[in-house]
Amino acid sequence: MISVPPAVLVARAEAAVRLSGTDPRLALVRARAVLTEAGAGVETVGTGPAGPDAGAYGEALSVALRAAALAARELGDLRLADERLREAIEAGRRFPARVAQARMSLVAVRALLGDPEGGLRLADLAERHLTGTDPARLDVQRSVALTLLGRYREAVCHCDRAIGRLGDDPWFQSGGLLNRGVALTYLEEYGAAETDLAECARIARSAGLDHVAMLAEGNLPFVAARRGDIAAAFARYEVAEAGMTGYPERLAAMRADFAEALVAAHLPGEARALLEQALPDLVACGARAAIPDARLLLAQAQLLAGEAEQAAATALTALAELRAQGRAAAAPLATEVVLRARLARPPTDAEVAALLPGVLACAADLDVHGRPGAAAALRLTAARAALPAGYRAVARAQLDLLAGAATPPMVRQHALAMLRRLDGDLTGALESARAGVESLAAAGSAGRDAELRAYAVRPAEDLAAFGLDLALATGDAWTVLDWAERWRALVRGRPVPPPSRPGASSPGSREAPKSGPGTLIELVRNGDELWGVLVAPGGARAGGVRCVLRPLGSYRSAAEATVRVRYGLRRRNLRDLAHCGEGSGHCEGTASEAMDGELATLGEQLLGPFASDGADALDGPTVIVPTGALCTLPWPLLPALAGRPVSVAPDAASWSPPGGSPTRYGSPTRYGSPTRYGSPTRSGRAGGPVVLAVAGPGLRHARDEADMVVMTHAGAERIGATRREVLTALERADVLHVAAHGMSSPRSPMLSRLTLDDGPLMAYDLLRADRVPRLVVLSACDAGMAHAPVDGAALGLAGTFLDRGAACVIAGVVPVRDDEALTLMTVFHAVLAEGRSPAEALGAASAKTAVGGFVCFGDPYGRRPV
């Protein structure tokens, strides 16, 4: 048997190493061929000292095993890569340079397998025997381990040193740019990060390294989400995900990275959806370093979403994995989630006593590992838990520490507010609470889109609840309304007004705003206590305003009744009587009676307490500002509101008389005059409102509905139902009517969608629109469903339209039959075309057709904020 010369096999193995970056599958085939021939060569010449060529074949074996390992890593099999590199070290033991190269490649593999410290030790061993440009390649590998350890600036320095020396090696040069871009993102240097990732993609594509280019593009969603551009993040994610098919480990890593940015942006639903996809693939690929990180992210997302038990279980698993990997710096973050989840239940006094030592120890660990902000927030949590359990000394000690230390302003003000409340200084406590909210506004928590803002203020939610409790303790309706609107202004991304002048907490010392006909009812909740503030024309002076505060019973009771109402309305609207054993007419009547009774009871709880304020307490247009789950209640169906112009708004800014100035309660927004949305005598092409209609797929009466809109409004037109056409229509329409299937996503509001001819139009797609119509009509099931993580947030499809500048959105909060939607919308548009407001038109249409389930969201007069 004639053996292939060792030098030839070494050359072939080195070629397989280079090929592993562009075509890992072919590289694996060629590496195996070299291994077979090198093995045969070793058997032919012998392995003892007398066989001079046996060592040379050992060199070929080492290089071929390294090529196989690199190919396995690119294909996502980290465990196989680790095994082959260890074999390469053993096979090349007589060749220090080859051993060093195998160790160099093993650095990143060990780091990704959960041993970044071990990876750095390997780098130190390899460095002494590397020559030429290999030390630069080692710097690129080191940066992987350093980034995993949170040593981002060091990672950037190593990449800086390497990139300039790797001009003849596009694989490692692009890898250095990729790693530096990721590290710069963690350092919040987003412009430089995007520049590096774009250059990485350019170099990689020109060298045929398509998968490296895909990795660079796969990190663009991570950068966009970190900087707060959620619309761009989702758009980039869709592109990157499509390009990573066939690379499961890299795709899973990209999903986990994007999810990390979404958790940082306080978007738990979207993050959880990605992590639930990524974790199984990371486990299957053996990416041990990424697994506990992804699991910790999932626990944080679960905690943000209010799933305390699941969060604790997930975080405990992550904690065990982090400890097993010796990652002490990350372990306190998992411990923190476990402790917060246990405190969220809420615990008994005995459980608080058992938890407090661990909470304080965890805060100390967070301080030690360079996370003072997280430590301060956890100390505040400890104080809040200690007080009701009777541990005042423990609470005061922590509050004194926070009030005197260089803690984040919001945490410091919260601590001061709690201390002043302990000392009986209610006025001072309110001042500190207001200062804390204003510090969050000054820090720029408001992002471009509603969901990002809503979750960005979640860290201040405890302070908001504390401030509301203080406001309610004053017993003054204006103070409660003022506090509630300050908070909603922050959530809505509007400037928080300066504090009221001294003495303004009493009704007599506050200058009452002017008003016209109409009523504002704003709801707030304090634990399970539900309260309502009614503001309406009247009062001691002519043209004045009266403001009253009333307890409305149990919030939980109202929320549960809302669920029953929506379920019953869904059954009634869709004729869902399948489980009824009697005739359908009897069942329908029974269901209708039960629904009417439920609505009457709920209406009495929510609106009845205001009846004592006069027969005209709900006279004229009514603006409802709900709280929590009550955002999903079909308010126009409550008996006291039936047939009236009713709108549901995220804050009180839209409550004002027609054509007048708005009433300002913490939301300094100005509105224009009432808008006429259609008239047979006015043409959209001659300066009147531009009315456009869309008929989506799968709805039996969609075309009839769109044609009805066109016939009702002069100059109106029907447009195509593609994503591009609808997004273009947003820029030019004054009124947009969409008859299409809708889907609400309560867990991930930005993933709510409308079904169009060429696929879904997502809520996040709307964030890219520079302009949206004044009035949007979504004749679609559940398009008005709004998940509200905090009061003031307007999420989902309807909320996103409002957030982007729509004055008013008409949408359903329950499914409605196609034929009944057409009936309702025919009357609605006819009344609208007469010049009535959207709220008036919907009230009239609902009364005439007896079709329920649609709600007017936003300004009742359809005025756009200016």
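Residues numbered from 1 in each chain as written. Predicted model: local features only at pLDDT ≥ 70, side-chain atom pairs only at ≥ 80, totals over all residues. Heavy atoms only, no water.

**Points about the side chain of Asn526**
Note the threshold: Secondary structure counts use DSSP, requiring at least four H or I residues in a row for a helix and at least two E residues in a row for a strand, with both numbered from the N terminus. Residues count as neighbours in contact if any of their non-hydrogen atoms are within 4.5 Å of one another.
Turning to its location among the elements, Asn526 is positioned in strand S1 (residues 519–526). Setting aside its immediate chain neighbours within four residues, Asn526 contacts Ala465, Leu468, Asp469 and Leu472.

**Considering the pattern of salt bridges**
The cut-off we apply is this: Salt bridge, as used here, is a side-chain nitrogen of Lys or Arg placed within 4 Å of a carboxyl oxygen of Asp or Glu. Think of it in three bands: residues with accessible area under 20% of the maximum for their type are buried, residues over 50% are exposed, and the middle band is partly exposed, with areas taken using a 1.4 Å probe on protein chains only.
Inspection of every chain in the model, using the stated rule, returns 42 salt bridges. Between Asp160 and Arg180 there is a salt bridge, with the nearest N and O atoms lying 2.7 Å from each other. Pair noted here: Asp160 is in helix H8 (residues 152–163) and Arg180 is in helix H9 (residues 170–186), with a separation of 20 residues, a long-range link. For Asp160, a relative accessible area of 41% translates into the label partly exposed.

**Structural notes on the packing of H8 against H9**
The test is simple: Only the contacting stretch of a helix is used when fitting its axis, a line to C-alpha atoms as for every element, and angles between N-to-C directions run 0 to 180 degrees. Each angle gets one of four labels, with under 35 degrees taken as roughly parallel, over 145 as roughly antiparallel, 65 to 115 as roughly perpendicular, and the rest as oblique. Handedness of a crossing is defined here by the sense of rotation of the near helix relative to the far one, left-handed for an anticlockwise turn of less than a right angle and right-handed for a clockwise turn. For this classification, the nonpolar set comprises Ala, Val, Leu, Ile, Met, Phe, Trp, Tyr, Cys and Pro, the charged set comprises Asp, Glu, Lys and Arg, and every other residue, Gly included, is treated as polar.
In contact at an axis separation of 9 Å, H8 and H9 are set at 155° when each is read in the N-to-C sense. Overall, the two elements H8 and H9 adopt an arrangement that is roughly antiparallel. The chirality of how H8 crosses H9 is left-handed. Packed against H8, whose contacting residues are Tyr152, Ala155, Val156, Cys159, Asp160 and Ile163, the element H9 presents Gln173, Gly176, Leu177, Asn179, Arg180, Ala183, Leu184 and Tyr186 at the interface. Classifying every residue of the contact of H8 with H9 gives nine nonpolar, three polar and two charged.

**Some thoughts on the nonpolar core**
What counts here: Throughout, nonpolar core names a set of buried Ala, Val, Leu, Ile, Met, Phe, Trp, Tyr and Cys residues whose side chains join them through atoms within 4.5 Å.
Of all hydrophobic cores here, the largest spans 172 residues; its most connected members are Leu606, Trp635, Leu778, Phe801, Val809 and Phe857. Setting aside residues no more than four positions away along its own chain, Leu606 makes contact with Leu530, Leu552, Ala558, Leu630, Leu633, Trp635 and Leu638. Among the nonpolar cores identified, the runner-up in size contains 80 residues, and Ala334, Ala382, Ala415 and Val623 belong to it.

**Some words on empty space enclosed by the protein**
Gaps left between atoms show up when a probe the size of a water molecule is rolled over them. What counts is decided by this rule: Space inside and on the surface of the protein is sampled on a 1 Å grid over the protein atoms alone, with a cavity defined as a set of points where a 1.4 Å probe fits but cannot get out and a pocket as an open set with protein on both sides within 12 Å along at least 5 of 7 lines; lining residues have an atom within 4 Å of a point. Grid points are joined across faces, edges and corners, and a volume is the space filled by probe spheres set on the points.
Considering all chains together, one arrives at nine cavities of 30 Å³ or more under this definition. Roughly 120 Å³ of volume is contained in the second largest cavity. As for the second largest cavity, its lining consists of 15 residues, of which Leu699, Ser779, Val816, Asp818 and Ala821 are closest to the centre. Only helix H29 (702–712) and helix H32 (818–833) provide two or more residues apiece to the lining of the second largest cavity. Here the residues of the lining of the second largest cavity sort into nine nonpolar, three polar and three charged.

**Examining the confidence of the model for the protein chain**
Operational definition: Confidence of the prediction at every residue is given by pLDDT, a number between 0 and 100.
When pLDDT is averaged along the protein chain, the result is 83, and 83% of the positions lie at 70 or above. Every residue in residues 498–516 is under pLDDT 50, and counting partners more than four places away or in other chains gives 37 contacts. Note that residues 657–674 has pLDDT below 50 and, in this model, 64 contacts with residues that lie over four places away or in other chains.

**As for the packing of aromatic side chains**
Applicable threshold: Only Phe, Tyr and Trp rings take part, Trp by its six-membered ring, and two of them pair if their centres are within 6.5 Å. Stacked means planes under 30 degrees apart, edge-to-face means over 60, and tilted covers everything else. Whether a charge sits over a ring comes down to the Lys NZ or Arg CZ being within 6 Å of the ring centre and within 35 degrees of the ring normal.
Using the criterion set out here, one finds four aromatic pairs in the structure. Seen in terms of ring centroids, Trp171 and Phe172 are 5.9 Å apart; in terms of plane orientation they differ by 55°. Their pairing is tilted. With respect to class, Trp171 is no different from Phe172; both count as buried. Aromatic ring contacts, followed pair by pair, group Tyr152, Tyr186 and Phe222 into a single cluster. Directly above the aromatic system of Phe172 lies the positively charged group of Arg137, at a separation of 5.8 Å from the ring centroid. For Arg525, the ring lying beneath its charged end belongs to Tyr555, and the centroid distance is 4.8 Å.

**Focus on the packing of helix H22 (residues 409–422) against helix H25 (residues 461–474)**
Between two packed helices, what matters for the description is the angle formed by their axes and the separation of those axes. Viewed as axis vectors pointing N to C, H22 and H25 meet at an angle of 30°, and their least axial separation amounts to 11 Å. As the angle between them shows, H22 and H25 are arranged roughly parallel. Here H22 runs over H25; the crossing is left-handed. Judged by residue contacts, Met410, His414, Ala417, Met418 and Arg421 of H22 engage Asp462, Leu463, Phe466, Asp469, Leu470 and Ala473 from H25.

**Section: the state of the cysteines**
Two cysteines whose sulfur atoms are joined by a covalent bond form what is called a disulfide. Put simply, the rule is: Criterion for a disulfide: a pair of cysteine sulfur atoms at a distance within 2.5 Å.
One pass over the structure, following the stated rule, counts zero disulfides. No disulfide involves Cys157; its sulfur sits 9.4 Å from that of Cys159, the nearest cysteine. With no disulfide partner, Cys856 has as its closest neighbouring cysteine sulfur the one in Cys808, 3.3 Å distant. A residue is classified by how much of its surface remains accessible, and Cys856, at 0% relative accessible area, is buried.

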